[in-house]
Amino acid sequence: MYPQTPHQPAGLTLTTKYHWLTFMFALFKPKALINGHEAQLAWGDNHLPLPPGLHTIEVWIPYLWKVGSATIQVDTRSGQPVALFYSAPAIAFSGGALDYQQQKHPGMMLAILLMVVPLALVILCCCGSTLLSAMSDSSSY
C-alpha cells in the first residue's frame, strides 16, 4: 500500500475480531479502505504502514454485501504508531465498531433476542402440548 521508509514509524495496528455467534464471518476476511486504497486484512492483528498525515479508514466484511461497515479519521502527523480496534457486528444488518479502544460487538442484544425468543416459543409449545395431553388423559377416566 504505502512503502515504509527507515525513518517512518510503524503506522497503524488494526485489530479485528468477530463474536463466536457470528462464526460464519471467519470464512470472510475483513477489508479496509484507507484514503481510497483497499487493503486485505486478517482476523486479529494487522500492521499497516502509513505516512504521517490524516487518514480516513473504513473497515467492513465482504459478505453478500458490505457487512459491519465502520469509518474513523486517524491522525498520524505526530509520528506515533496508532492502534485501532474493529469489532464485527453480532448480526449482519448492524454496523461494526471501530475506535481506539476495544469495542463491544454492535447488535448483541438483538442477536440474543433473535435466538432466545424462538427457543422460548418452542419450549412453551412443548410444555403446553404435554400439559394438554396430560389433561385430556386424566379427563377420559
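Rules of the game
Residues numbered from 1 in each chain as written. Predicted model: local features only at pLDDT ≥ 70, side-chain atom pairs only at ≥ 80, totals over all residues. Heavy atoms only, no water. Helix = DSSP H or I, 4+ residues; strand = E, 2+ residues; numbered from the N terminus. Rg over C-alpha atoms; globule rule 2.2 N^0.38 Å. Buried < 20%, exposed > 50% of the residue type's maximum accessible area, 1.4 Å probe, protein only. Contact = heavy atoms within 4.5 Å. Areas by Shrake-Rupley, 256 points an atom, 1.4 Å probe, with all protein chains shown as cover. Core = buried A, V, L, I, M, F, W, Y, C linked by side-chain atoms within 4.5 Å. 1 Å grid on protein atoms, 1.4 Å probe; cavity = no way out; pocket = protein on both sides within 12 Å on 5 of 7 lines; lining within 4 Å. Points joined across faces, edges and corners; volume = space filled by probe spheres on them. Nonpolar A, V, L, I, M, F, W, Y, C, P; charged D, E, K, R; others polar. Polar contact = N/O pair within 3.5 Å; in protein donor to acceptor, adjacent residues only side chain to side chain.

### Structural notes on the overall build of the chain
Part 1: Broken down by element type, the chain carries 1 helix and 8 strands.
Part 2: What you see in the chain, going N to C, is helices and strands ordered as β-β-β-β-β-β-β-β-α.
Part 3: Computed over C-alpha atoms, the radius of gyration of the chain comes to 23 Å, more than 25% over the 14 Å expected from 2.2 N^0.38 for 141 residues, which places it beyond the range of a compact globule.
Part 4: A buried classification covers 34% of the 141 residues belonging to the chain.
Part 5: Relative to all contacts within the chain whose residues are 6 or more apart in sequence, the contacts with residues 24 or more apart total 50%.
Part 6: When the accessible area of the chain is evaluated, it comes to approximately 8,600 Å², of which 67% is carbon and sulfur surface.

### Considering the nonpolar core
Part 1: Counting 21 residues, the largest nonpolar core has Leu-12, Leu-14, Ile-57, Val-59, Leu-84, Tyr-86 and Leu-98 as its most contacted members.
Part 2: With 4 residues, the single largest contributor to this core is strand β6 (residues 66-75).
Part 3: Once residues within four sequence positions are removed from consideration, Ile-57 is found in contact with Leu-12, Leu-33, Ile-34, Ala-70, Thr-71, Ile-72, Val-74, Leu-84 and Leu-98.

### Observations concerning the layout of surface pockets
Part 1: By volume, the largest pocket amounts to about 240 Å³.
Part 2: Lining the largest pocket are 13 residues; nearest its centre among them are Leu-21, Thr-22, Ala-90, Ile-91 and Ala-92.
Part 3: Of the residues contributing to the lining of the largest pocket, the split by class is 12 nonpolar, 1 polar and no charged.

### Remarks on the side chain of Glu-58
Part 1: Within the secondary structure, Glu-58 is located in strand β5 (residues 54-62).
Part 2: A polar contact of 3.4 Å, which involves the side chain of Glu-58, links it to the side chain of Lys-66.
Part 3: Non-local contacts of Glu-58, meaning those with residues more than four positions away in its chain, are made with Lys-31, Ala-32, Leu-33, Lys-66, Ser-69, Ala-70 and Thr-71.

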